[in-house]
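Commentary on secondary and tertiary structure
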Number of protein chains: 2
Amino acid sequence: MSAAIDLAVSTVIFALRPDAAGHLVLSIPLVRRTRDPFEGRWALPGGAADAAESLADTAARKLAETTGLSPAYLEQLYCFGEPDRSPSGRVVSVVYWALVRTDEAELAAEGENVAWFEADELPQLAFDHNLIVGYALWRLRTKLEYSRIAHAFLGPTFTLAELRQVHEIVLQKPLDPANFRRQIEASRAVVPTGQHVTGGRHRPPRLYRYDASVQLVDNGPLTSAGIR
Amino acid sequence: MSAAIDLAVSTVIFALRPDAAGHLVLSIPLVRRTRDPFEGRWALPGGAADAAESLADTAARKLAETTGLSPAYLEQLYCFGEPDRSPSGRVVSVVYWALVRTDEAELAAEGENVAWFEADELPQLAFDHNLIVGYALWRLRTKLEYSRIAHAFLGPTFTLAELRQVHEIVLQKPLDPANFRRQIEASRAVVPTGQHVTGGRHRPPRLYRYDASVQLVDNGPLTSAGIR
DNA sequence: TTTGTTCTGGTCACTCTGACCTTTACAGAA
DNA sequence: TTCTGTAAAGGTCAGAGTGACCAGAACAAA
């Protein structure tokens, strides 16, 4: 008699949201648990896997149910299955990580049992969710440096200063504007639209958009997941 | 009621084995299916997840049951869960990939229903296992270039020529011996034992061993998996 | 017109890499 | 013993990429 193994799907959702001082910070939404185990603790949004749905679809659906948002980027993070990770029995969790656009995140649902936290200042979470978020943070920061996922936080067009700000917030370090420009242009990831943004008390920056024809160089044969 | 989802664990096992001409080639062991679906087709070794065992332990156990070997390296590859990947019902497979030492692989079990195949010349496999092996191959080749996993194919001590040969076989391209030496030495991954190998009709090469005190720089917070 | 700001293009030193060359040290043949 | 073939080991050199830094360009506001 193989004892039952519960299969769950959870998602680490990243967004850039303004903090109390108005500065954008990397944030994730959490859900307060309303029953044992870990009743009252905050946890990643998720739930049981659905037999009729792909795992990625389940992750996106749970994301929408808790925040009202749709992900601009969604990728599987890891499958966590240690025997003792849940006191209520054996639970294997397939965890995804997602990026949502900054302008959409402002409209995100927030209520009694759903709240946003700064990604680097989390309380003690239910289960092994602190470990999971830590791993997701590492993957986000690592992937940001060799892949081109930062634009998932932005709209269809953006300035290089906006793109650089995303990198600076996520990587938590200042970047030289001139060198950043050189690297982005060398990667051919971005093309100028020809338009400029006026209104600033300085030289008007160019508007760019991502060049979707250039392949992402990271997912190997599993390119079906990724940018939507 | 939520229909059942079967949770399985499979492993892509890599080893370097001599081909008909005696040259080492990257190979994987496969198991012939003895029942539907895909009866008669070759498939990755694996089976149902065990409720009392960690996923990695299950992967290692299945590996031992089919080949009689123990992995020198074991890492989770991906969790495959598309609804239509098995005609017999919904199956979610947590897939691991493993490296076994070349000298051990020579002793591996091989029988009616277990056989080794060259990794790049596989027949049509059961389920989505061709896709899985392709992804595992991509991960192995990618990771070999920035991490230090090649020594998992070798014994505790080795020459730089042996280490280079592992890279050349896996990456399928010749490497400049002098440049390879420079890069390995710069990485500080390896330390000379002071011994030399005699017998060759040339200058005797130094013996090296891996410096276990130098951390792997790839797994993020999940360093529990990996080299054993 | 002046000033403050950021955008944008550029230089320079340093590091890393691939290509290639030379010397060293052995085994085996002459 | 000497010669020869082979691979180890150590080095040079040009080109690419990066971080640090500088300077002109182009706007809004004073």
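All of these numbers come straight from a predicted model, not from anything done at the bench.

**What to know about the sheet that holds strand β10 (residues 206-210) of chain B**
Residues and elements named next belong to chain B. Across the sheet, 3 strands lie side by side as β8-β10-β9; this open sheet has antiparallel pairing. Two strands lie at the open edges of the sheet, namely β8 (157-158) and β9 (190-196), each paired on one side alone. Here 2 bridges tie β8 to β10, and the two strands are oriented antiparallel to one another. Paired with T157 across the bridge in β10 is R209.

**Some remarks on the UniProt feature "domain: Nudix hydrolase" (unreviewed entry) in chain A**
Under the UniProt annotation, the feature "domain: Nudix hydrolase" (unreviewed entry) is placed at residues 6-141 of chain A. A helix fraction of 22% and a strand fraction of 36% characterise residues 6-141 of chain A, whose end C-alpha atoms lie 31 Å from each other.

**Remarks on the environment of F153 of chain B**
Residue and element names in this part refer to chain B. The topology assignment puts F153 in the loop between α3 (129-146) and β8. Sequence separation of F153 and V100 is 53 residues, and the distance between their C-alpha atoms is 5.8 Å. In this view, F153 contacts F14, A15, L16, L26, L99, V100, R101, T102, V166 and V170; residues no more than four positions away in its chain are not counted.

**Regarding the relation of the copies chain A and chain B**
Turning chain A through 180 degrees and shifting it by 0.0 Å along the axis lays it on chain B, with an RMSD of 0.0 Å. On the angle and the small slide along the axis, the relation comes out as a two-fold axis. Taken as a fraction of all interface residues of chain A, those also at the interface in chain B reach 100%, which identifies the copy contact as same-surface.

**Let's talk about the packing of aromatic side chains**
All names here are of chain A. Tallied over the entire structure, the rule returns 16 aromatic pairs over all chains. Judged by centre distance (5.0 Å) and plane angle (65 degrees), the ring pair of Y78 and F80 falls under edge-to-face. Neither residue differs from the other here; Y78 and F80 are each classed as buried. Taken together, the ring pairs in this structure connect Y78, F80, Y135 and W138 into an aromatic cluster.

**As for helix α5 (residues 177-187) of chain A**
One full turn of an α-helix is made of 3.6 residues, so residues set three or four places apart face in the same direction. Two or three places before A178 of chain A, at the start of α5 of chain A, stands the capping residue D176 of chain A, its side-chain oxygen 3.0 Å from that residue's backbone nitrogen. Remark: R188 of chain A follows α5 of chain A within two positions and exhibits a positive phi of approximately 60 degrees.

**Here we look at unusual backbone geometry**
Residues and elements named next belong to chain A. Along the chain, D36 connects to P37 via a cis peptide bond; the corresponding omega equals -5 degrees. One can find P37 in the loop between β2 (24-32) and β3 (42-43). Even without being a glycine, F38 presents a positive backbone phi close to 65 degrees. Note that F38 resides in the loop between β2 and β3. We classify F38 as partly exposed; its relative accessible area is 25%.

**Concerning the protein's contact with DNA strand D**
Close to DNA strand D lie 21 residues, the nearest being R182 of chain A together with A161, R181, R201 and R206 of chain B. The sugar and phosphate moieties of DNA strand D supply 62% of its atoms located within 4 Å of the protein. Between DNA strand D and H202 of chain A, the relevant distance is 3.1 Å, taken from a base oxygen to a main-chain nitrogen or oxygen of the residue. A distance of 2.8 Å separates a phosphate oxygen of DNA strand D from a polar atom in the backbone of R206 of chain B. Take the surface near DNA strand D: its biggest share by element is 4 residues, from α5 of chain A.

**Some remarks on the pattern of salt bridges**
Residues and elements named next belong to chain B. For the structure shown, the criterion picks out 22 salt bridges over all chains. The partner of E53 in a salt bridge is R61, and the shortest N-O contact between them spans 2.8 Å. Look at E53 and you get buried, because its relative accessible area is 17%. Between D128 and R85 there is a salt bridge whose closest N-O contact spans 2.8 Å. Of the two residues, D128 sits in the loop between β7 (114-118) and α3 while R85 sits in the loop between β5 (73-80) and β6 (91-99), which places them 43 residues apart along the sequence. Taken individually, D128 and R85 each receive the classification buried, so the pair is uniform in this respect.

**Things to note about the interface of chain A and chain B**
Contact residues are listed per partner, giving 29 residues for chain A and 29 residues for chain B. When the two sides are added together, the surface that chain A and chain B hide from each other amounts to roughly 2400 Å², 71% of it contributed by carbon and sulfur. Our enumeration of links across chain A and chain B arrives at 0 salt bridges. Our enumeration of links across chain A and chain B arrives at 8 residue pairs in polar contact (both at pLDDT 80 or more). Broken down by class, the residue content of the side of chain A that touches chain B amounts to 18 nonpolar, 6 polar and 5 charged.

Cut-offs used in this document
Residues numbered from 1 in each chain as written. Chains lettered and ligands numbered in written order. Predicted model: local features only at pLDDT ≥ 70, side-chain atom pairs only at ≥ 80, totals over all residues. Heavy atoms only, no water. Pairing = 2+ DSSP bridges. Helix = DSSP H or I, 4+ residues; strand = E, 2+ residues; numbered from the N terminus. UniProt positions renumbered as here; feature names shortened; annotations may be inferred. Contact = heavy atoms within 4.5 Å. Least-squares fit on C-alpha atoms with pLDDT ≥ 70 in both. Phe/Tyr/Trp six-rings, centres within 6.5 Å; stacked < 30°, edge-to-face > 60°. Buried < 20%, exposed > 50% of the residue type's maximum accessible area, 1.4 Å probe, protein only. Polar contact = N/O pair within 3.5 Å; in protein donor to acceptor, adjacent residues only side chain to side chain. Near = heavy atom within 4 Å. Salt bridge = Lys/Arg side-chain N within 4 Å of Asp/Glu carboxyl O. Buried area = accessible area lost by both parts, 1.4 Å probe. Nonpolar A, V, L, I, M, F, W, Y, C, P; charged D, E, K, R; others polar.

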